Amino acid sequence: RWEATGEAARGPNGERRQFRRRFPTRRAATLGAAKLELEAEEAKKAAPNGLTLSAHCESWLGGRRGNLAKKTYSGYESVFSKHVAGDPIGAMALTDLSPADLTAWLERVGRKPGRSSENLSRQTLLHVYSYVSAALNSGVAWGLLDANPLRLVETPKVTADPSKIKAWTPAEARRFMAAVKASVSPNKRLWWATFGLILATGLRRGEAAGLMWRDVDLVARTLRVQRNRLAGETGTSPTKTVRSNRTLDLSDDAIGFLTELETIRDDD
């Protein structure tokens, strides 16, 4: 006996689907294999016809929940909700998407108002493009698409504008710290020491909020960054990448601010 196998489109969760037939002779199996290929192609075209871009993005993202940092997952979720499900393209069948459809969609997204400008920034538009492209790449991997049609659409260009990159000078940082110290707020000591530590170490806001005393070694003059705390969250989470975990050498200024924070903790 001879057996011929043909592979159809993968299911929505990536599971393999195969056709198998047995034949009494090699010649019959060869002819049968060719027929199976045609059946598989027809199934590939028909299977995902009811699967919309919005439904696919939702299914794909749901499968990645445990592999993405909470902030990254929220970013994907926000993009899909606002710019895919909230747009006519979200209702289109995955297999009907064309580069022209996706180009028109990107133009609509780009005309949306931004936080501080008339339209969305090019950087935001690039994020939208990249997130949806990643979801469509999974459609190719799952056998739902032959190719990612978004790859035929020009990637949004982001031009760095040095004039928009602003950083305090040492004099400005000193003025800020003096203003905090002169504040009449009852918790000004806490904020003065916290802001001072951030300025002295370059900690990100989430890293500073997630810092614990067991991460600090005042004798060895080091500070370990190994967790993050998002705005509005009560708990902490691991840093976004392994490279974000690092040990910092503490300057005299940083030691002074940490000592002040330790005193405030002991007083409380």
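Up top is the structure these notes are about.
Every chain begins its residue count from 1, and numbering advances along the sequence as written. Where totals are concerned, whole chains, interfaces and linings use all residues; where local detail is concerned, this predicted model gives features only for residues with pLDDT of at least 70, and gives and counts side-chain atom pairs only at 80 or more. Side-chain numbers come from the whole structure's heavy atoms, not from hydrogens or water.

**Q** Any chance you could break down the packing of aromatic side chains for me, citing the residues and the numbers?
**A** Each aromatic pair joins two rings of Phe, Tyr and Trp (for Trp, the six-membered one) with centres within 6.5 Å, and gets the label stacked for planes under 30 degrees apart, edge-to-face for over 60, and tilted for any other angle. Summed over all chains, the structure comprises eight aromatic pairs. With 6.0 Å between their ring centres and 50 degrees between their planes, Y76 and F80 make a pair best called tilted. Of this pair, Y76 and F80 are both found in helix 3 (residues 70-85), four residues apart, which corresponds to roughly one turn of the helix. We call a residue buried when its accessible area falls under 20% of the maximum for its residue type, exposed when it is over 50%, and partly exposed in between, using a 1.4 Å probe and counting protein chains only. The buried category is assigned to Y76, whose relative accessible area is 10%. An aromatic cluster is defined as three or more aromatic residues linked by ring pairs; in this entry it consists of W60, Y76, F80 and Y131. Look at NZ for Lys and CZ for Arg. If either is within 6 Å of the ring centre and within 35 degrees of the ring normal, a charge sits over the ring. The ring centre of W192 lies 4.5 Å from the NZ or CZ of K181, which sits over that ring. Working definition: helices are DSSP H or I runs of at least four residues, strands are E runs of at least two. Numbering for both runs from the N terminus.

**Q** Before we move on, can you summarise unusual backbone geometry with the specific residues and values?
**A** Unlike most non-glycine residues, R221 shows phi in positive territory, near 60 degrees. Considering the arrangement of structural elements, one finds R221 in the loop between strand 3 (216-217) and strand 4 (222-225). Residue classification places R221 among the partly exposed positions, given a relative accessible area of 32%.

**Q** Help me get a handle on the packing of helix 4 (residues 99-110) against helix 5 (residues 122-141), residues and values and all.
**A** Note on method: axes are straight lines fitted to C-alpha atoms, helices fitted across the in-contact stretch only, with angles between N-to-C directions ranging 0 to 180 degrees. Between helix 4 and helix 5, the least distance of the axes is 10 Å, while the angle of their chain directions is 145 degrees. As helix 4 packs across helix 5, the resulting crossing turns out to be right-handed. Packed against helix 4, whose contacting residues are W105, L106, V109 and G110, the element helix 5 presents L125, V128, Y129 and V132 at the interface. Crossing handedness is defined as follows: a turn of the near helix away from the far one that is anticlockwise and smaller than a right angle gives a left-handed crossing, while the clockwise case is right-handed. Throughout, a residue-residue contact means that at least one pair of heavy atoms, one from each residue, lies within 4.5 Å.

**Q** Please set out the pattern of salt bridges residue by residue, giving values where relevant.
**A** Each reported salt bridge corresponds to a side-chain nitrogen of Lys or Arg within 4 Å of a carboxyl oxygen of Asp or Glu. One pass over the structure, following the stated rule, counts nine salt bridges. E154 serves as the salt-bridge partner of K157, at 3.3 Å between the closest nitrogen and oxygen. One salt-bridge network, in which partners are shared between bridges, spans R204, E207 and R246.

**Q** Go over helix 6 (residues 170-181) with me, naming the residues and quoting the values.
**A** In a helix, the anticipated span is given by 1.5 Å times the number of residues less one. Taking 1.5 Å as the rise per residue, helix 6 with twelve residues should run 16 Å; its terminal C-alpha atoms sit 17 Å apart, in good agreement. The set of residues buried in helix 6 consists of A173, M177 and V180. The buried residues of helix 6 occupy an angular sector of 60 degrees when projected down its axis, which confines them to one face. Exposed side of helix 6, more than 90 degrees from the buried face: R174 and R175 are the residues found there. What the arc covers is the set of directions going from the helix axis to the C-beta atoms.

**Q** Can you explain the environment of T234? Please cite residues and give values.
**A** Looking at the secondary structure, you find T234 in the loop between strand 4 and strand 5 (246-249). A relative accessible area of 77% means that T234 is categorised as exposed.

**Q** Lay out the packing of helix 6 against helix 7 (residues 188-201) with the relevant residues and their values.
**A** At a closest axis distance of 9 Å, the pairing of helix 6 and helix 7 adopts a crossing angle of 165 degrees. Considered as vectors, helix 6 and helix 7 are oriented roughly antiparallel to each other. Like other packed secondary-structure pairs, helix 6 and helix 7 cross with a definite hand, here left-handed. Residues A173, F176, M177, V180 and K181 of helix 6 pack against K188, W191, W192, F195, G196 and L199 of helix 7. An angle below 35 degrees is read as roughly parallel, one above 145 as roughly antiparallel, one from 65 to 115 as roughly perpendicular, and any other as oblique.

**Q** Lay out the nonpolar core with the relevant residues and their values.
**A** In terms of nonpolar packing, the biggest core is built from 31 residues, with L53, F80, L94, W105, L136 and L150 touching the most fellow members. Contributing elements (two or more residues each) for this core: helix 2 (53-63), helix 3, helix 4 and helix 5. Considering every element that reaches this core, the biggest residue donor is helix 5, with seven residues. Apart from residues no more than four positions distant in its own chain, L150 is found in contact with L102, W105, Y129, V132, S133 and L136. Think of a nonpolar core as a cluster: buried Ala, Val, Leu, Ile, Met, Phe, Trp, Tyr and Cys residues, connected wherever their side-chain atoms sit within 4.5 Å. A193, V216, A254 and L258 belong to the second largest nonpolar core, which has 14 residues in total.

Note that all results are geometric; they support no functional claim without further evidence.
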